[in-house]
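Each chain, written out:
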Amino acid sequence: MARRAGGRSPLGSIGLYAVLTVTSAVMLFPIFWTVSTSIKDRVDTFRLPPVIVGFTPTWKNYSQLFEDPTFIRVMANTIIVTAGSTIVALLIGSLAAYALARAPRFRGRRPLEVSLILLRAMPGVVLVVPLYDVLAGVGLLGKMPMLIVLYAMVNLPFAIWIMTPYFQGIPMELEEAAVIDGASGAQVFRTVVFPLALPGVVATGLFVGLLAWNEFLLPVVLGSEATKTLPVFISGFVSARTLDWGPLAAASSLAIVPIALLTVVMQGRLVRGLSQGAVKG
Amino acid sequence: MTAEGAPASGAPSAGSVSSAGSVSSAGSVSSAGPVASNGRLAGAPPARNWIAERRARSAVLLTLPTWVFLVPMFFLPLGVGIYLSFYDKTLGFPMEPSFVGLDNYRTDVLSPVFGEALVVTLLILALGLALQFPLGMALALLLHQQMRGRGVFRTAILVPMLLTPVAVGLMWRFMYNPELGIINWWLGVLGLPGVDWLGAPWPALFAVTFVDSWQALSLVVLMLTAGLASLPTSPEEAARVDGASGWQVFRHVTLPALMPVILVTLMIRVIDGFKIFDVVFILTRGGPGTATQTVSMLDYNVAFTFLATSRASAIGVVLMLITLPIYFLWRRVSTLAERS
Amino acid sequence: MTMTRRSIAAIAGLAVAGLALAACSSSSTSTSGSAAAESAPAGSSAASAPAEATCEAINVFLIPSPSADAMKAMIPAFTEATGINVNVSEVEYGTAHQKALLSIQSKQGAFDVVQFDNTFLAAFAKAGALTDIGDWAANSAEYDISDIPPSLQNYGDFDGTKYGLMLSTEPFIQWYRQDIYDKLGLKPATTWDEYKANAEAIQKSGEAAGQMMGFGPNTTWWWMQLVWSFGGALYDSDFKPTVNTPEAAAATEYYKSLLASSPSGALGATGDDVTLQFVGSDIGQMVQYSGYAAGVFDPTSSKNAASIAVAPLPAGKVNAVELAGWNIGIPSDSPNPQCGWKFLEYMLGKSNAKTLLENGAAAIGRISIIDDPALQAKYPYLKLLNISPDAVVNTYPQIVVWPEFDKVASDNLAKILSGEVPVQEGLDAMQSALEPVLAKEPK
């Protein structure tokens, strides 16, 4: 329950609004700056004092990106690896989450919990350095299917932890009723449990998808030009001899604006799901 | 595991499952706080044990696909990493790798460079926590007030959380530019001298911390507001009726009740702070010099800049060992969270 | 429960199939590659081979750069002229070299041409990753090595063997703002003392910041140059570092003293930031590789484009000039080395040199290019590629451990430049930190 506003003085209210407005502005400014830079002409980008409003917007930076076949492929790769790995993580993760939700004790539960926590807690490089060696040895470096399963694996802990409480929340009686009606275990899962857990699965898919969309270390080390994703593409601007911030800002905007919008639109669900998953993850 | 995974054929007897199922209902989906993950059948009478056994057997099967992923892609590489750390494999060196015992640990782990990286990592972590938690707590309390437009503010503060670190890192880099960046320009407007944000050691450390905390603050605020919302109001009201001041209520009633959520959030931040990589990679690459070279950045440099696979593996093994105790911390914190 | 098991099996199968799929797609290239690699002839017998070489397609490994873009633009014409299709793989600089090395060392035969930075020449050569192309280069009328000044001919040679051709010629040159120089009555410096005096005069005038060099992550680019100019060296013939000698100390003192007349961002500036700031804000002069010319003189990206002029690098005790630039060669596991050579001949040969340049590549220092008056008018920096014969041309140190040497040196320089430690003390620390690094250099 939120505290009632009754006891607040008008001055207090103004202060409250002022603090929150300033904080919100600071939090949002980098996003605003990225987007506004992306629709500026090169010359406006470097103008001092900085041009905050009142420049002539240009879509040149975006059209330049979308005319580049490389960029089209980058976007396609990002979408493929994000969607593919999310589906795999949800399939594998929902089964494990169901098991963890329903069986308090089973052979391998403790080792599984330990593994998931370590996978979540270990710095990515620890895994990526030997993986690079292993994958190079078997010729799987820079292959899209490999990246998809790797993405799915690193996001498994998160997927499992977010979904477990959703499965726990499904009343056991419903499953039992289905069993009385003669359904098999798999049918129960498919026709009763899964549909009820679907909102949770969808929310999980959202988070896992976002994590996959943002993933950087895996594709930059283990990927290739053919599998280049958006974060890798964007990071290329740091070392490229480019004197132009426009396309960079446009590519960055394309990466972050969908996420920002998603956060705004799906806020309620995000808050609920994340606070559940984040507690475990 | 194959023995345990033997099929449990035949439909389960409905009646008995029913009674076992109604023992307790699991944590409700809508509750924002920590959710218990087990304990459902803890009090089941011995006669019902076979139900638990059947569940256990199918659980083994259901978790099998997860193991199919973890074994070749998590445990195998870790094993290879341990193995490589005792050799001298370097990409581009003409000779075959040979066994060198603990040499890599001596030269690369027991070196001032690794110590420095550890200090830098912990420093960024500590500075970040000191920034995120007081600020996050204050914002969570403000957002907990009943007011018009609360949702708008909350959304604004949450937006940075899930943004692509690489993309925002690059834009911050632009904003930090000492000559052309907007941050120094603002400082100039305020009559303050410009700062060479990414060029001088301390400013660079703050610059990295600030970008990381900018995103982390969203998570902290999210967790704490969710925690506050789940607290019962009666103890607070009772304390207020007893004449406690706002600060006293917060200090002696709200804060203790919120402690489990704070601890969980703290743990998440400690884990993520220790792993910090993307933002450092984009903003400074660990520079100037080694001023922002975190352990992940160092390991990356040794592996992929010096091409010294074995030396990087040795560093990786030590980072792995540092991570192991987190499991126990995790268990303690989640037990605590579940108890509340 | 049986259905559940089936679905588990299906998912497990999916994962395995994913792995298998990836494995198949790679194994097909690797088998064909290694078989062909074994039959690839070595340099000498192949001297006349290019003419008879036939192949349908080659695979080219490029690193994103103006030179790579220019070659890509010429591929359709190459295919038309030779009937050879070209598949391009581009990998970002950050991981490009280790990926190329790994691929070649595992003998996948994935590439027929590989672009690499000169700093990795030693690593590639010592790993046996490159084909000796000395005879091809010497005997090719199309490549015409005599069109390249002698001081540049062996850019790409390691231990007397030619492993790579020069894809771009990028010496350090002096860039300055003609408008500021005119206003203050300055002339381009010919010595480092004059360079510093110019910088201080500009700084004092308040017109602009005095000068720009990188003092950040790429600090060794400039520091190395100064050490050489002041008569020093980075290491001796026994691979012992020599970075704390009086010459190196004098160079470092000089380098550090330039900070006082540099803009505030210089301390953290990367190599690219140096150029970015020079073209985006007001700075009197800069030392930078000529390879940045395309961006500097492009009025859409450089607000000072019209007022920027170039001059040769100032000389010190030694008239040393640091030379950077891309190399390009043929991997030792190439299934089609002759066709790879055809590609190099076409792209880097005499007759297409102008096209390559006009497609935006950093120029190759060919006599026919740098002496062409029409091109000189268009690209004012071209004549500076004709490095004076009495200059000592220094490339990056040709050692396998260069990346680590570079990192250790720049980490220690950061401490010196920030004033954390005095120059001599910092160089002594660098000296002892570099000893174990150089000791690892495979002999």
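Residues numbered from 1 in each chain as written. Chains lettered and ligands numbered in written order. Predicted model: local features only at pLDDT ≥ 70, side-chain atom pairs only at ≥ 80, totals over all residues. Heavy atoms only, no water.

Draft legend 1. The arrangement of the interface of chain C and chain B in detail. Listed by partner, the interface residues are 40 residues for chain C and 34 residues for chain B. Carbon and sulfur atoms make up 69% of the area that chain C and chain B hide from each other, which totals about 3,100 Å². Summed over the shared surface of chain C and chain B, the result is two salt bridges. Note that B:R311 is salt-bridged to C:E404, the shortest N-O span being 2.7 Å. At the boundary of chain C with chain B, the tally comes to three residue pairs in polar contact (both at pLDDT 80 or more). Tallying contributions element by element places helix α17 (residues 402-417) of chain C first for the side of chain C that touches chain B, with seven residues. A breakdown of the residues in the side of chain C that touches chain B according to their chemical character gives 18 nonpolar, 14 polar and eight charged. (Contact = heavy atoms within 4.5 Å. Buried area = accessible area lost by both parts, 1.4 Å probe. Salt bridge = Lys/Arg side-chain N within 4 Å of Asp/Glu carboxyl O. Polar contact = N/O pair within 3.5 Å; in protein donor to acceptor, adjacent residues only side chain to side chain. Helix = DSSP H or I, 4+ residues; strand = E, 2+ residues; numbered from the N terminus. Nonpolar A, V, L, I, M, F, W, Y, C, P; charged D, E, K, R; others polar.)

Draft legend 2. Structural context of the confidence of the model for chain A. Residues and elements named next belong to chain A. Taken as a whole, chain A shows an average pLDDT of 85; of its residues, 90% reach a score of 70 or greater. Per-element mean pLDDT across chain A ranges from 60 in helix α13 (residues 267-280) up to 94 in helix α4 (residues 69-102). Here residues 1-6 is modelled with pLDDT under 50, and outside its nearest four sequence neighbours on either side it reaches 15 contacts, counting other chains as well. (pLDDT = per-residue confidence, 0-100.)

Draft legend 3. Quick peek at the pattern of salt bridges. Residue and element names in this part refer to chain C. Scanning the entire structure with this criterion turns up 27 salt bridges over all chains. In this structure, K162 and D157 form a salt bridge, with 2.9 Å as the shortest nitrogen-oxygen distance. For D157, a relative accessible area of 24% corresponds to the partly exposed category. For K440, the salt bridge identified is with E404, shortest N-O distance 3.7 Å. Of this pair, K440 sits in the segment after α18 (423-439) while E404 sits in helix α17, and the two are 36 residues apart along the sequence. (Buried < 20%, exposed > 50% of the residue type's maximum accessible area, 1.4 Å probe, protein only.)

Draft legend 4. Focus on the packing of helix α12 (residues 295-305) of chain B against helix α13 (residues 309-323) of chain B. All names here are of chain B. Where α12 meets α13, the axes come as close as 8 Å, and the angle between the chain directions of the two elements is 155°. Considering their axes alone, α12 and α13 lie roughly antiparallel with respect to each other. Pair α12 / α13 crosses with left-handed handedness. Contacts from V295, L298, D299, V302 and A303 of α12 reach α13 at R311, A312, I315, G316 and L319. Taken together, the residues of the contact of α12 with α13 sort by class into seven nonpolar, one polar and two charged. (Axes fitted to C-alpha atoms, helices over the stretch in contact; angles between N-to-C directions. Parallel < 35°, antiparallel > 145°, perpendicular 65-115°, else oblique. Left-handed = near helix turned anticlockwise from the far one by under 90°.)

Draft legend 5. Structural view of empty space enclosed by the protein. Residue and element names in this part refer to chain B. One pass over the structure, following the stated rule, counts 14 cavities of 30 Å³ or more. The computed volume of the largest cavity comes to approximately 1,200 Å³. The leading source of residues in the lining of the largest cavity is helix α10 (residues 246-275), at five residues. Split into classes, the residues belonging to the lining of the largest cavity amount to 27 nonpolar, seven polar and seven charged. (1 Å grid on protein atoms, 1.4 Å probe; cavity = no way out; pocket = protein on both sides within 12 Å on 5 of 7 lines; lining within 4 Å. Points joined across faces, edges and corners; volume = space filled by probe spheres on them.)

Draft legend 6. Examining the interface of chain A and chain B more closely. At the junction of the two partners, chain A supplies 118 residues and chain B supplies 120 residues. Contact between chain A and chain B buries roughly 10,900 Å² in total, counting both sides, with carbon and sulfur atoms accounting for 75%. Here chain A is connected to chain B by three salt bridges. Its salt-bridge partner being B:K89, residue A:D133 comes within 3.1 Å of it at the nearest N-O pair. Across the contact surface, chain A and chain B share eight residue pairs in polar contact (both at pLDDT 80 or more). Counting residues per element, the side of chain A that touches chain B draws most heavily on helix α1 (residues 10-38) of chain A, at 16 residues. In terms of residue class, the side of chain A that touches chain B is made up of 84 nonpolar, 19 polar and 15 charged.

Draft legend 7. Highlighting the environment of B:A156. For B:A156, the location among the structural elements is in helix α5 (residues 150-158). Between the C-alpha atom of B:A156 and that of B:S218, which follows or precedes it by 62 residues, the distance is 9.2 Å. With residues near it in sequence (within four places) discarded, B:A156 still touches A:S24, A:M27 and A:L28.

Draft legend 8. Fine view of α17(C). Helix length check: α17(C), at 16 residues, gives a terminal C-alpha distance of 21 Å against a target of 22 Å (1.5 Å per residue), a fit within 8%. Backbone geometry just after α17(C) places C:G419 at a positive phi near 85°. (Expected span 1.5 Å × (residues − 1).)

Draft legend 9. Inspection of the confidence of the model for chain B at higher detail. Residues and elements named next belong to chain B. On average, chain B scores 82 in pLDDT, and the residues at 70 or more come to 85%. Confidence, read as mean pLDDT per element, is least for helix α1 (residues 14-21) in chain B (28) and greatest for helix α4 (residues 112-144) (95). When the criterion is pLDDT under 50, residues 1-45 qualifies, and its contacts beyond four places in sequence or with other chains add up to 77 contacts.

Draft legend 10. Expanded view of the packing of helix α9 (residues 219-229) of chain C against α17(C). Residue and element names in this part refer to chain C. The interhelical angle for the contact between α9 and α17, taken along N-to-C directions, is 85°, at an axis separation of 9 Å. In terms of orientation, α9 lies roughly perpendicular with respect to α17. Two secondary-structure elements touch here, α9 through T219, T220, W223 and M224 and α17 through W402, D406, A409, S410, L413 and L417. Residue composition of the contact of α9 with α17, grouped by class: six nonpolar, three polar and one charged.

Draft legend 11. Region of interest: the side chain of B:D108. Residue and element names in this part refer to chain B. Looking at the element boundaries, D108 is found in helix α3 (residues 103-109). Note on D108: relative accessible area 9%, which makes it buried. There is a polar contact of 2.8 Å between the side chain of D108 and the side chain of R311.

Draft legend 12. Seen up close, unusual backbone geometry. A cis geometry characterises the amide bond from B:G287 onward to B:P288, with omega recorded as -5°. Phi at B:L307 is positive, roughly 60°, even though this residue is not glycine. On the basis of relative accessibility, which here comes to 3%, the residue B:L307 falls in the buried class. Backbone geometry places C:D159, a non-glycine residue, at a positive phi of 50°. Summarising the element assignment, C:D159 is placed in the loop between β4 (157-158) and β5 (161-162). On the basis of relative accessibility, which here comes to 72%, the residue C:D159 falls in the exposed class.

Draft legend 13. Fine view of the state of the cysteines. Residue and element names in this part refer to chain C. In the structure shown here, the tally under the stated rule is one disulfide over all chains. Two residues share a disulfide in this structure: C55 and C339, whose sulfurs sit 1.6 Å from each other. In this structure the cystine formed by C55 and C339 twists about its S-S bond by roughly -135°; its chirality is therefore left-handed. With a gap of 284 residues between them, C55 in the loop between α1 (2-39) and β1 (57-62) and C339 in helix α13 (residues 337-348) connect regions that are remote in the sequence. By relative accessible area, which is 17% here, C55 ends up buried. (Disulfide = S-S within 2.5 Å.)

Draft legend 14. Seen up close, a nonpolar patch on the surface. Residues and elements named next belong to chain B. Nonpolar side chains collect at one region of the surface, where V119, L123, W202 and F206 lie side by side and expose about 390 Å² of accessible area between them. Listed by contribution, the elements that provide at least two residues to the nonpolar patch are α4 and α8 (201-230). Summarising the element assignment, V119 is placed in helix α4. (Patch = residues over 30% accessible without salt bridge, like charges linked within 9 Å, V, L, I, M, F, W, Y side chains within 5 Å. Areas by Shrake-Rupley, 256 points an atom, 1.4 Å probe, with all protein chains shown as cover.)

Draft legend 15. Structural context of the packing of aromatic side chains. Taken as a whole and judged by the stated rule, the model has 53 aromatic pairs over all chains. With centroids separated by 5.0 Å and ring planes inclined at 50°, the aromatic side chains of C:W221 and C:Y289 adopt a geometry described as tilted. You can see C:W221 sitting in helix α9 and its partner C:Y289 sitting in strand β9 (residues 283-289), a full 68 residues away along the chain. C:Y289 sits in the buried class, given a relative accessible area of 1%. Among the aromatic residues, those joined into a ring-pair cluster are A:Y132, A:F216, B:F277, B:F281, B:Y300 and B:F304. In this structure, C:R366 is placed above the aromatic ring of C:Y143, and the distance from its NZ or CZ to the ring centre is 5.1 Å. (Phe/Tyr/Trp six-rings, centres within 6.5 Å; stacked < 30°, edge-to-face > 60°. Lys NZ or Arg CZ within 6 Å of the ring centre and 35° of its normal.)

Draft legend 16. How the structure looks around the sheet that holds strand β3 (residues 113-117) of chain C. All names here are of chain C. Here five strands make up an open sheet; going across it, the order is β2-β1-β3-β12-β6 and the pairing mixed. Strands with a single pairing partner mark the edges of an open sheet, and in this sheet they are β2 (85-90) and β6 (164-166). The sheet shows a mean angle of 25° between the axes of neighbouring strands, direction not considered. Two elements, β3 and strand β12 (residues 326-329), share four bridges in a ladder whose sense is antiparallel. Pairing of Q115 across the sheet is with I328, part of β12. Most of the contacts of helix α3 (residues 93-105) go to β3, to which it runs at about 130°, and overall it touches β1, β3 and β12. (Pairing = 2+ DSSP bridges.)

Draft legend 17. Summary view of the environment of A:L230. Relative to the helices and strands, A:L230 is located in helix α11 (residues 230-239). Those residues within four positions of A:L230 in sequence are excluded, and the remaining contacts are A:F71, A:V74, A:M75, A:T78, A:W213, A:A251, A:L254 and A:A255.

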